[in-house]
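What the coordinates show
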Amino acid sequence: MSDRLPTGLAVNALVRLVDQAGGSAMVLARGDRDSGSVLLVAEHRGGPPQLFERGYAPDGRQAVVQVGPSQGDPQMILDYWQRRRRSDPDLWVVEVNVADAQRLAAETIYAD
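Analysis parameters
Residues numbered from 1 in each chain as written. Predicted model: local features only at pLDDT ≥ 70, side-chain atom pairs only at ≥ 80, totals over all residues. Heavy atoms only, no water. Helix = DSSP H or I, 4+ residues; strand = E, 2+ residues; numbered from the N terminus. Expected span 1.5 Å × (residues − 1). Buried < 20%, exposed > 50% of the residue type's maximum accessible area, 1.4 Å probe, protein only. Arc of directions from axis to C-beta. Contact = heavy atoms within 4.5 Å. Polar contact = N/O pair within 3.5 Å; in protein donor to acceptor, adjacent residues only side chain to side chain. Pairing = 2+ DSSP bridges. pLDDT = per-residue confidence, 0-100. Core = buried A, V, L, I, M, F, W, Y, C linked by side-chain atoms within 4.5 Å.

In this section: helix α2 (residues 74-87). For α2, built from 14 residues, the straight-helix expectation of 20 Å at 1.5 Å per residue is met to within 8% by its first-to-last C-alpha distance of 20 Å. Looking at α2, one finds that the buried residues are I77, Y80, W81 and R84. The buried residues of α2 occupy an angular sector of 85° when the element is viewed end-on, so they sit on one face. On its buried face, α2 is in contact with β1 (24-29), β2 (38-43), β3 (50-56), β4 (62-67) and β5 (92-97). A side-chain oxygen of the first residue of α2 lies 2.8 Å from the backbone nitrogen of Q75; this N-cap is D73.

Structure representation (C-alpha cells):
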C-alpha cells in the first residue's frame, strides 16, 4: 500500500497552501479522488502559464517536471490539458497563481 495521500486530499492541501501563500487556486477538472494524476497549470503575476506534473529528472529520480507547450500561449495550454483529459478522465487539472508553484506542488500533490 502506498503512503501517498489520496489525490483529492493532496489537491485540497495544495489549494489551502496556495491560499496561505497569498495566491489563488482553482480546480479546473476533477479526476479520480484516490489515484488520479495531477496536471498543474501555474502562473505568477500575469506571466506565461507553465504546466507541471510528476515525472523523472535527467538523473532518473522522480521530480516535478515541466510538460506541454513551452511557449506559454494560453490557448495552447488549454488545448493541451483538454486533450489530456479526453485520453485520461482520471486526470486532475489545477490552476494556481502564486510564486514558486513548482515547489508548493512538490511539497503537497507530488510528495511521496
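Having put the structure on the table, let's press on.
A few words on the pairing of β4. In the sheet, β3 pairs with β4 via six bridges, with the strands oriented antiparallel. By the bridge assignment for β4, Y56 is matched with Q62. Turn length for the β3-β4 hairpin, with the two strands adjacent in sequence and antiparallel, is five residues, and the turn residue G60 shows positive phi of about 95°.

Low pLDDT marks stretches whose predicted atomic positions should not be read closely. When the pLDDT values of the protein are averaged, the result is 88; 96% of them are 70 or greater. Mean pLDDT across the elements of the protein ranges from a minimum in helix α3 (residues 101-107), with 83, to a maximum in β1, with 96.

So, about the nonpolar core. L14, V38, L40, V94, V96, I109 and Y110 are the most contacted members of the largest nonpolar core, which totals 18 residues. Elements supplying a minimum of two residues to this core: α1 (7-20), β2, β5 and α3. Those residues within four positions of V96 in sequence are excluded, and the remaining contacts are L14, V18, S24, A25, L40, V41, A42, E43 and A101. Of all hydrophobic cores here, the second largest spans ten residues; its members include L51, V67, I77 and L91.

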